[in-house]
Amino acid sequence: MNLNEITANIRLRNPWEAIDLGFAMVQQWWKDIYLSLAILTFSLATLLYFVFPRGNLWIASVIFWWLKPLYDRLVLHIVSHKLFNNDLSTWQVLKEIPSLIWNTGFFQSLTFRRFSLSRGFNLPIWQLEQLRGDQRAKRQSVLHQVAHTNAIWLTVVMVHLEIIIVVSLFGLMLMFLPERTANDFFVGLFSNKVEDAAWIDLLDYIFYILAVTLIHPFYIAANFALYIN
């Protein structure tokens, strides 16, 4: 990668300014990021919807959530190339998914590293530097001295934003429903009717997919900017 081709103003920032730079990256490159990510998340969500029978949609939601490290890698792949003015087509991005699975510590991130609150911050070490073993541990230790706390708080905030978006989408939908229908729907939230529960589960599933797809690029780009900083 040629440093002369870099497309952002890289300078020393405090960690919160670096996070803001990550958000600006998403605003600048949103078309490339969201098109590829949406194809991945919506395709996977649709597959999970048809695999699990009615009444067990919560399992699909859990699996979709568990596979977030895959979305991490796709977004970082796009953002890291865009930073160095390397434009990738959607097809070029998607065909790299097998490589992103096998060569970036993906399976560790699905097991004992899955609940790490600094997962996004550590990812460039695995994916871009491709360090392993003691080299990775030493490199990670150095970076954690600078912005580990900020990376953890970023994760906490983004998780809460996903929840807020899901709740807000429910609220927005209710605003456009007739009053009686909205009341029936609200009652259905606390009922044991199978039909009501199925609709609510489906809407919750759809809204969660939308929330993750919307928020995740900001999460990864902000962590990438912290890493660069």
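To be clear, the structure that these remarks concern was listed above.
Presented here is a report on the structure given in the accompanying data block. (Residues numbered from 1 in each chain as written. Predicted model: local features only at pLDDT ≥ 70, side-chain atom pairs only at ≥ 80, totals over all residues. Heavy atoms only, no water.)

## Describing the nonpolar core
Here is step 1: By size, the foremost hydrophobic cluster in this structure holds 61 residues, and its most contacted members are Phe-64, Tyr-71, Leu-74 and Val-79.
Here is step 2: Broken down by secondary-structure element, the contributors of at least two residues to this core are α1 (15-51), α2 (57-66), α3 (68-83), α5 (97-102), α7 (119-127), α8 (133-175) and α10 (194-228).
Here is step 3: Tallying contributions element by element places α10 first for this core, with 16 residues.
Here is step 4: In this view, Val-79 contacts Met-25, Trp-29, Ile-33, Ala-221 and Phe-224; residues no more than four positions away in its chain are not counted. (Core = buried A, V, L, I, M, F, W, Y, C linked by side-chain atoms within 4.5 Å. Buried < 20%, exposed > 50% of the residue type's maximum accessible area, 1.4 Å probe, protein only. Helix = DSSP H or I, 4+ residues; strand = E, 2+ residues; numbered from the N terminus. Contact = heavy atoms within 4.5 Å.)

## Quick look at unusual backbone geometry
Here is step 1: With a phi angle near 60°, Asn-85 is a residue other than glycine that sits in the positive phi range.
Here is step 2: Relative to the helices and strands, Asn-85 is located in the loop between α3 and α4 (90-94).
Here is step 3: Among the residues examined, Asn-85 registers a relative accessible area of 42% and is labelled partly exposed.

## Considering the packing of aromatic side chains
Within a pair of aromatic rings, the relevant descriptors are the distance that separates the centres and the angle that separates the planes.
Here is step 1: A full pass over the atoms with the stated rule returns 11 aromatic pairs.
Here is step 2: An angle of 45° between the planes, with centres 6.0 Å apart, marks the rings of Trp-65 and Phe-115 as tilted. Taken together, the residues Trp-65 in helix α2 and Phe-115 in the loop between α6 (106-109) and α7 connect sequence positions 50 residues apart.
Here is step 3: Summarising the aromatic geometry, the rings of Trp-102 and Phe-107 are spaced 5.3 Å apart at their centres and angled 55° between planes, so their arrangement reads as tilted.
Here is step 4: By relative accessible area, which is 64% here, Trp-102 ends up exposed.
Here is step 5: Assessed through its relative accessible area of 43%, Phe-107 is described here as partly exposed. (Phe/Tyr/Trp six-rings, centres within 6.5 Å; stacked < 30°, edge-to-face > 60°.)

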